[in-house]
Amino acid sequence: MIKIIGLIVLLLLAGVLVAAAFRPDHFRVERRLRIQAPADTVYGLIQDLHQFNRWNPWLRKEPGAQGEYSGPAAGIGARYGWQGKELGQGSMEITGLQPGREVRLRLDFIKPFEAHNQALFQIQPQADGSSELSWAMEGPSTYLSKLMGLIFNMDRMVGTDFEQGLKNLQQIAEQH
């Protein structure tokens, strides 16, 4: 009986490991929000990492996290590194800009898991003076992240934080 139970457990484990191998090699999480503020105002709250961190949903979760800015104050090459008990360790750097329209960032996570992703903010000015903002993150899915994806829904987990961050940004932008 113990051998049969052991064989069943082994087969289930093998099934999970095989299922993870067939998951997509790439992931993308995206959220959108309309903000009643001009595109330039929204852009300014993203392309300057000091302003970015005013609405950053993860820093709001762990305000005591250690952080350090480097490079230019804003724009391409602006960089922010963080370390915290909840947030782990990593950095972000602005790698591309289209003034008033787009900000690209490289995200390097070191702890608790190593990952290298891209974030993209796209701002679409609207005829009524508001802005449609999308926030996306994408990157490769390692085998470990594929395995974790069988248990945790990354789109839901990260997407919830994106939604909160967009609401935080909206609140600040609409007060200007």
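Residues numbered from 1 in each chain as written. Predicted model: local features only at pLDDT ≥ 70, side-chain atom pairs only at ≥ 80, totals over all residues. Heavy atoms only, no water.

With that out of the way, let us pick up the pattern of salt bridges. Scanning the model with the defined rule gives 10 salt bridges in all. Its salt-bridge partner being Arg31, residue Asp155 comes within 3.1 Å of it at the nearest N-O pair. On the criterion of sequence distance, the pair formed by Asp155 in helix α6 (residues 154–175) and Arg31 in strand β1 (residues 26–35) is long-range, its members being 124 residues apart. You can call Asp155 partly exposed: its relative accessible area is 34%. (Salt bridge = Lys/Arg side-chain N within 4 Å of Asp/Glu carboxyl O. Helix = DSSP H or I, 4+ residues; strand = E, 2+ residues; numbered from the N terminus. Buried < 20%, exposed > 50% of the residue type's maximum accessible area, 1.4 Å probe, protein only.)

What follows covers the sheet that holds β1. Here 7 strands make up an open sheet; going across it, the order is β1-β7-β6-β5-β4-β3-β2 and the pairing antiparallel. Strand pairing shows two members of the sheet lacking a second neighbour, β1 and β2 (66–70), which therefore form its edges. Neighbouring strand axes in the sheet, compared pairwise and without regard to direction, differ in orientation by 15° on average. Pairing of strand β4 (residues 88–98) with strand β5 (residues 102–111) involves 9 bridges; the strand directions are antiparallel. What sits directly across from Met92, in β5, is Leu107. Sitting on the sheet, helix α2 (residues 39–47) is in contact with β1, β4, β5, β6 (115–125) and β7 (131–140), with an inclination near 165° to β6. Contacts from α6 reach β1 and β7, with the element oriented near 25° to β1. (Pairing = 2+ DSSP bridges. Axes fitted to C-alpha atoms, helices over the stretch in contact; angles between N-to-C directions. Contact = heavy atoms within 4.5 Å.)

Purely spatial values, then, with no claim about function.
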